[in-house]
Amino acid sequence: MSALDARRQWLVQRHAALLAALRVRRDAPSEIPVAASAGAPGNAPMGGSGAAAGASGRELSAPSARTALLIVGGVLVVVAALVFTVVSWGRLGIGGRAAVLLAVTACALALPRPLRRRQLTATAEASAAVGLALVLLDGYAARQAGLGGLDQVGTAGYWAVLTALTAVGAALYGWWQRLRLPLPVGFLMARLPGLLGTAALGGTTGDYATAVIATAAVDFAVLYALTARDAAGQAGFRERVAGERAATGLVTVARAVGGGWASLGGVLAVGYAVVAPSPGEVLRAWVPLGLLMLLGTALCRGFRTLSFALRAGGEGVAVVALIVAVGAGLRYVLPAGWAVVGYAAPAALLAAWAAVSCARSGRWAKPATSGPAGQKTGRPTGGPFVPPSRAAAAVGELVAASIALLLTGVVVVPELAHALIRPVVHGVALWGGGHPPQWSWQLATAPLVVLWLSAAALAVMAAQRARAVGDADRHTDRLANALRNAQAPAAVPAVLLLPVALGLPYGWVLAAAALASVAVAVDVVRRPAAALPPRLLVLAATGALALLWSSADRTAVLTVWGTFAASAAVLAHVLSATASPPAVRTTARVAGAFAVLALGVEAVASGATAGLPGQVTAFAVLAVAVAAAGAAAAWHRIPGRGQVATAVEGAGYALAAIALALTALHPDALSLALAVTGVAGLAVALRPDRRRAALVGTGLLIASSWVRLALAGVSAPEAYTLPITAAALVIGHRRRTGTPGTGSWPAYGAGLGATMLPSLAAMWSDENWVRPLLLGAAALLATVVGVRTRLQAPLIVGGGVLMLVGLHELAPTVVQVFGLLPRWVPVAAAGLLLLLLGATYEKRIDEARRLRDTVRSMT
């Protein structure tokens, strides 16, 4: 019995497979048999089709050639019918005209059924396409002939009715005949009746939007009816269009076209509502907006088979329509200048409502993780936000409302930006040396309300997300952290600009910003590990605004920058503990560097306020740099403060460079600044880990002496530099012999450069031969010593100076020789040199690498 039952099941499966194969063969385009050779009928083997095609030289397969012939033939038939209708129409009577067109149309529409029986599916599709084109041509001819008084009907209205009937008829005809082409033709033609009917009635932009959205609604209703039959297991759409693949393709295209049409109608409706000139026009704009809301809601909650993104998008479209409808209505209720608030308020409320809905329904809750023994712990993970499938409505509402709120924020950005930078504009005129006029600081209330609404919506989203995933204290959820961090750019300007909107004086506004920044800094010091990123963003925002706004007054600059420098120094010292997390220590380094730079700005502002010239103010900046070096040394001795000390030291070096730049145009001040900086560099070199600073300090002192000699008009600098060189070389040699591992640059670099570089500079303006000879001899001696002792400093300094001396001596002769030679000789010589280098390129590269390695191996 078991064997018989297995045999019966196999026969049932075989029966179903054979029926499916017969259906596919019946509905699919039939292949045209291709003879293997002329005079030898028969089908070529399937495996050898490629070889046969290659042997016969065919570039198109039989189905492709057949399709091309059918397309060309159908186009020719339609063109012939059009020519007949336009040109030869008048030669026949009314009866003849009707008989010819109706006969041809009827034949074209009747042929697909017998053609399909003979398995000529593609030919049947082409005949149906020709028949549908002839139907439109019949309508055109009937109106041109005035049949039944059709010529008295308006053009737009007539074609609206005709296209509607043709669209419905094409769809029903394709369904009845089991053809693929008439269904999409009817679907696409259904775009026209609404537009043509609106044009016939003289509709406005709102009426066009209503027509377009209504057409999209009908599209999705038809799609829902078709797909519902298939979902219920009834014979329907898939069988009518000959297979699952064709049905899926048609449904996908129909959804795309319907969605695009609905989007177009939404754009028209939104544009019409936003610019509606009167309350009556706003009421008319509510019709397409309401229809769009219904369509979006139906797509989200009715089409369960749609993807998550499409359903969320439908709900988002409905939310946008609701926001625009409410905002357009409030535009005529709120005071002047508050129109943007009418759109921002519903957007913020809907965003908050969507966030609360996500949290209450558990749609933001994350799946529980597994514990050590494979048991679920129940704790949510901290991964990225992945919404469940049932959250399409809530996510669509949240995204759409957030985007709408963001767009309202973009609208008020120019006014907010003007209010934020208004003191800076006055400060530029103040510190630029002019006499700035009186200025006022004002801000309308509406932009500030939009900013407050944005900040409130972000706060609600962050709180609900943190509550839903259980991340109120640990701050490990990335989405919740991103929402918290996004509050700072909205909340800080909203709070600090409130006194401006209330009309308070400039001093009060600046004091509020400075106190807010100091309060946040104190909170960071007291609780360094609690939610650091959002508080750092608030600290940076409040501090930046306070510093920028202080530029409008000289006293304010001195007060605010000095206060912030002290606060940053305290913050750096407290946060730079050994056990602090990496983020806290990074904050400490930034705070330390900012404290030094803020004191530098304080020094510049003090000099400018006192009316001191720039070269004198530079020494105040240099004093801050020297003090920073001392503070860095002191901090470095404290355990755990090494990174902060490095940051402070680096900021001090930057200030020293700025101070030298301020004195660059004044040689007297430059010489003194170089001397002070050099002495400071030697002092820094007293630290065991900063021995190399001695080289920099020595170089700065030598540069200071050069500037001083140039100011004194000395033409023979060797009289002053040779004693320094001798002393430096002796000291360097003793250091090298007494301290093993000392390089040649710290030992001999400064001593060699102290004399050779000033002499080299004087040589180019000296026409005598003595200085080049002596300098060349000294450079040659240094080069030889460097080669013999394998020291970098004598070799590089001596070799470089020797090459420049040789160039100086040979330059006149080379110029004379080039003047005597024909002009083509230098070009030819350059070409030959390039050819030689190209031929021996690899060898030269190897030699250069060996030379580099040799120099690097020296001490």
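Residues numbered from 1 in each chain as written. Predicted model: local features only at pLDDT ≥ 70, side-chain atom pairs only at ≥ 80, totals over all residues. Heavy atoms only, no water.

Attention now moves to the overall build of the protein. Within the protein one finds 33 helices and 2 strands. Among the 859 residues that make up the protein, the fraction classed as buried is 36%. The long-range fraction of contacts in the protein, counting pairs at least 24 apart against all pairs at least 6 apart in sequence, stands at 66%. (Helix = DSSP H or I, 4+ residues; strand = E, 2+ residues; numbered from the N terminus. Buried < 20%, exposed > 50% of the residue type's maximum accessible area, 1.4 Å probe, protein only. Contact = heavy atoms within 4.5 Å.)

Let us now look at the pattern of salt bridges. The final tally for this structure, using the stated rule, is 12 salt bridges. Arg527 is the partner of Asp523 in a salt bridge, and the nearest nitrogen-oxygen pair spans 3.1 Å. With relative accessibility at 25%, the residue Asp523 sits in the partly exposed group. Notably, a salt bridge pairs Glu649 with Arg687, separated by 3.5 Å at the nearest N-O pair. Here the residue Glu649 occupies a position in helix α25 (residues 642-662), and Arg687 occupies one in the loop between α26 (667-684) and α27 (693-711), the gap between them amounting to 38 residues. (Salt bridge = Lys/Arg side-chain N within 4 Å of Asp/Glu carboxyl O.)

With 55 residues, the main nonpolar core has Trp441, Leu443, Met461, Leu497 and Trp549 as its most contacted residues. The element that contributes the greatest number of residues to this core is helix α17 (residues 445-469), accounting for 9 residues. Those residues in contact with Leu443 that sit more than four places away from it in its chain are Glu415, Leu416, Ala419, Leu448, Leu497, Val500 and Ala501. In terms of nonpolar packing, the next biggest core, distinct from the first, is built from 38 residues, Val596, Ala628, Ala645 and Ala673 among them. (Core = buried A, V, L, I, M, F, W, Y, C linked by side-chain atoms within 4.5 Å.)

This part covers a nonpolar patch on the surface. Taken together, the side chains of Trp452, Val495, Leu498, Leu502, Leu504 and Trp508 present a nonpolar region at the surface, about 610 Å² in accessible area. Locating Trp452 in the fold gives a position in helix α17. (Patch = residues over 30% accessible without salt bridge, like charges linked within 9 Å, V, L, I, M, F, W, Y side chains within 5 Å. Areas by Shrake-Rupley, 256 points an atom, 1.4 Å probe, with all protein chains shown as cover.)

Our next topic: the packing of helix α7 (residues 155-177) against helix α8 (residues 182-189). Direction vectors running N to C along α7 and α8 enclose 160°, while the axes themselves pass 7 Å from each other. It follows that α7 is roughly antiparallel to α8 by the angle criterion. Both α7 and α8 take part in a crossing whose hand is left-handed. Residues Thr163, Thr166, Ala167, Ala170, Ala171, Tyr173, Gly174 and Trp175 of α7 form the contact with α8, whose participating residues are Pro182, Leu183, Gly186 and Met189. When grouped by side-chain class, the residues that make up the contact of α7 with α8 number 8 nonpolar, 4 polar and no charged. (Axes fitted to C-alpha atoms, helices over the stretch in contact; angles between N-to-C directions. Parallel < 35°, antiparallel > 145°, perpendicular 65-115°, else oblique. Left-handed = near helix turned anticlockwise from the far one by under 90°. Nonpolar A, V, L, I, M, F, W, Y, C, P; charged D, E, K, R; others polar.)

Moving on to the packing of aromatic side chains. A full pass over the atoms with the stated rule returns 6 aromatic pairs. Seen in terms of ring centroids, Trp439 and Trp441 are 6.2 Å apart; in terms of plane orientation they differ by 40°. Their pairing is tilted. The exposure class of Trp439 is partly exposed, given its relative accessible area of 22%. Under the relative-accessibility criterion, Trp441 is labelled buried at 11%. Centroid distance Trp441 to Tyr506: 6.1 Å. Interplanar angle 50°. Geometry classified as tilted. (Phe/Tyr/Trp six-rings, centres within 6.5 Å; stacked < 30°, edge-to-face > 60°.)

Moving on, we get to the confidence of the model for the protein. Here the protein averages 80 in pLDDT, while 81% of its residues score no lower than 70. Note that pLDDT drops below 50 for residues 367-386; the model gives that stretch 31 contacts with residues more than four away or on any other chain. (pLDDT = per-residue confidence, 0-100.)

Among the structural elements, Asp219 can be located in helix α10 (residues 205-231). The residues touching Asp219, leaving out its near neighbours within four places in the chain, are Phe187, Arg191 and Gly258.

It is at 12 Å that the axes of helix α21 (residues 532-549) and helix α23 (residues 582-609) come closest, and there the two elements cross at 15°. By the angle between their directions, the pair α21 and α23 is classed as roughly parallel. Where α21 crosses over α23, the handedness of that crossing is left-handed. Contacts between α21 and α23 involve Leu532, Leu536 and Leu547 on the former and, on the latter, Ala583, Val584, Thr587 and Phe594.

For the rest of this paragraph, the subject is helix α22 (residues 554-575). Its 22 residues place the ends of α22 31 Å apart at the C-alpha level, agreeing with the 32 Å of an ideal helix rising 1.5 Å per residue. Taken as a whole, α22 has its buried residues at Ala556, Val557, Val560, Trp561, Phe564, Ala565, Ala568, Leu571, Ala572 and Leu575. Burial along α22 is one-sided: seen end-on, the buried residues are contained in an arc of 145°. Those residues of α22 that are buried lie in contact with α16 (392-431), α20 (506-526), α21, α23, α24 (614-636) and α25. (Expected span 1.5 Å × (residues − 1). Arc of directions from axis to C-beta.)

On to unusual backbone geometry. One non-glycine residue, Arg790, adopts positive backbone phi at about 55°. Position of Arg790 among the secondary structure elements: in the loop between α30 (770-789) and α31 (792-820).

Among the secondary structure elements, Thr725 is positioned in helix α28 (residues 718-738). Thr725 gets classed as buried once you look at its relative accessible area, which sits at 9%. In this structure, the C-alpha to C-alpha distance between Thr725 and Met756, residues 31 residues apart in sequence, is 9.2 Å. In this structure, Thr725 is in contact with Gly751, Ala754 and Thr755, ignoring residues within four places of it in sequence. Polar contacts involving the side chain of Thr725 include one to the side chain of Thr755, which spans 2.2 Å. (Polar contact = N/O pair within 3.5 Å; in protein donor to acceptor, adjacent residues only side chain to side chain.)

What follows concerns the environment of Ser765. Residue placement: Ser765 occurs in the loop between α29 (744-763) and α30. Take Ser765: its relative accessible area is 63%, and that puts it in the exposed class. Distance in space between the C-alpha atoms of Ser765 and Ser715 is 9.7 Å, their sequence separation being 50 residues.

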